[in-house]
Amino acid sequence: MKTGAIAIAALLSLTSLAHADEPENFIKYRQSMMTAIGGHNGAASQILRGKVAPPGHLAMHANALRDLASDLAALFPEGSDFGETKAKAEIWSDWSGFEKAAGDSKTATAAFAEAVAGGDAGNIEAAFKQVGETCKGCHKTYREKDD
Ligand code: HEC
């Protein structure tokens, strides 16, 4: 039983080693991450528009956004620019601009989480608006428009 489990673990790690970090794997991964970011962003928006008020949830979404947006540039390794992706070639041809856009989002989501922790409604609203600006700012330049 024990050896069986070890053999399976070894097999799993071999399989993942063989496929880990192939650039194209990042396409699905970053789309999953972006979908998660979009989910928390949308949920936070519903709370801030007063549609629902589940206690503690705004902090949960703000903290999740802060964590999910903490390293966006890592989702776009070079070579992950073909196949089913809306990532534009400008990401890699203008990498420093893209890193800045990712950094802006990291800063804005961290500030949003802090504002929520602080509890001031005006600050929270302003910080959330700023988060939205950084999403739009990056998408406008580096993501293909929806057809
Ligand atoms: C630094 C750039 C950047 C920032 C900042 C950014 N995104 Fe994105 N986002 C992208 C790119 C590029 C894609 C397209 C990825 C692909 O198709 O491979 C994308 C895709 C998406 C998608 C579609 C995912 C899918 O399934 O195809 C959603 C939803 C999304 N982003 C939401 C957000 C939200 C909400 C924010 C802000 C909190 C945000 N993004 C911030 C670059 C960014």
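Computed from a predicted model, the values in this text were never measured in an experiment.

Undergrad: Provide a residue-level description of the overall build of the protein, including the pertinent values.
TA: Of regular secondary structure, the protein possesses six helices and zero strands. Tracing the protein from N to C terminus, the helices and strands come up as α-α-α-α-α-α. When the 147 residues of the protein are sorted by exposure, 30% land in the buried category. Of the contacts made within the protein by residues no fewer than 6 positions apart, 72% connect residues no fewer than 24 positions apart. Total accessible area on the protein is roughly 9,400 Å²; 59% of this is exposed by carbon and sulfur atoms.

Undergrad: Can you tell me about the coordination of the iron atom of the ligand, naming the residues and giving the values?
TA: Only Met34 (SD) and His139 (NE2) from the protein coordinate the iron atom of the ligand, and they sit 2.1 to 2.5 Å from it. For methionine 34, a relative accessible area of 28% corresponds to the partly exposed category. When its relative accessible area of 27% is taken as the criterion, histidine 139 is described as partly exposed.

Undergrad: For the site of the ligand, give the residues involved together with the corresponding values.
TA: The full set close to the ligand counts 24 residues, and Met34, Thr85, Cys135, Cys138 and His139 are the nearest of them. Note that an oxygen atom of the ligand is positioned 2.7 Å from one of the side-chain N or O atoms of arginine 30. Within the backbone of lysine 86, one N or O atom sits 2.7 Å away from an oxygen atom of the ligand. Among the cavities detected, the one that contains the ligand is the largest pocket. Of all the secondary-structure elements, those providing two or more residues to the shell around the ligand are helix H2 (25–48), helix H5 (95–118) and helix H6 (121–142). Counting residues per element, the shell around the ligand draws most heavily on H2, at seven residues. Classifying every residue of the shell around the ligand by side-chain character gives 13 nonpolar, eight polar and three charged.

Undergrad: How would you sum up the packing of H2 against helix H3 (residues 57–68)? Please name residues and give values.
TA: It is the contact of H2 with H3, at a shortest axis distance of 9 Å, that shows an interaxial angle of 150°. Considering their axes alone, H2 and H3 lie roughly antiparallel with respect to each other. The handedness of the crossing between H2 and H3 comes out as left-handed. Taking contact as the criterion, the partners of Met33, Ala36, Ile37, His40, Asn41, Ala43, Ala44, Ile47 and Leu48 in H2 are, on H3, His57, Leu58, His61, Ala64, Leu65 and Leu68.

Reading the values: the criteria
- Residues numbered from 1 in each chain as written.
- Predicted model: local features only at pLDDT ≥ 70, side-chain atom pairs only at ≥ 80, totals over all residues.
- Heavy atoms only, no water.
- Helix = DSSP H or I, 4+ residues; strand = E, 2+ residues; numbered from the N terminus.
- Buried < 20%, exposed > 50% of the residue type's maximum accessible area, 1.4 Å probe, protein only.
- Contact = heavy atoms within 4.5 Å.
- Areas by Shrake-Rupley, 256 points an atom, 1.4 Å probe, with all protein chains shown as cover.
- Donors = N, O, S within 2.8 Å, 3.2 Å for Na, K, Ca; no water.
- Near = heavy atom within 4 Å.
- Polar contact = N/O pair within 3.5 Å; in protein donor to acceptor, adjacent residues only side chain to side chain.
- 1 Å grid on protein atoms, 1.4 Å probe; cavity = no way out; pocket = protein on both sides within 12 Å on 5 of 7 lines; lining within 4 Å.
- Sits in = over half its atoms within 2 Å of the grid points.
- Nonpolar A, V, L, I, M, F, W, Y, C, P; charged D, E, K, R; others polar.
- Axes fitted to C-alpha atoms, helices over the stretch in contact; angles between N-to-C directions.
- Parallel < 35°, antiparallel > 145°, perpendicular 65-115°, else oblique.
- Left-handed = near helix turned anticlockwise from the far one by under 90°.

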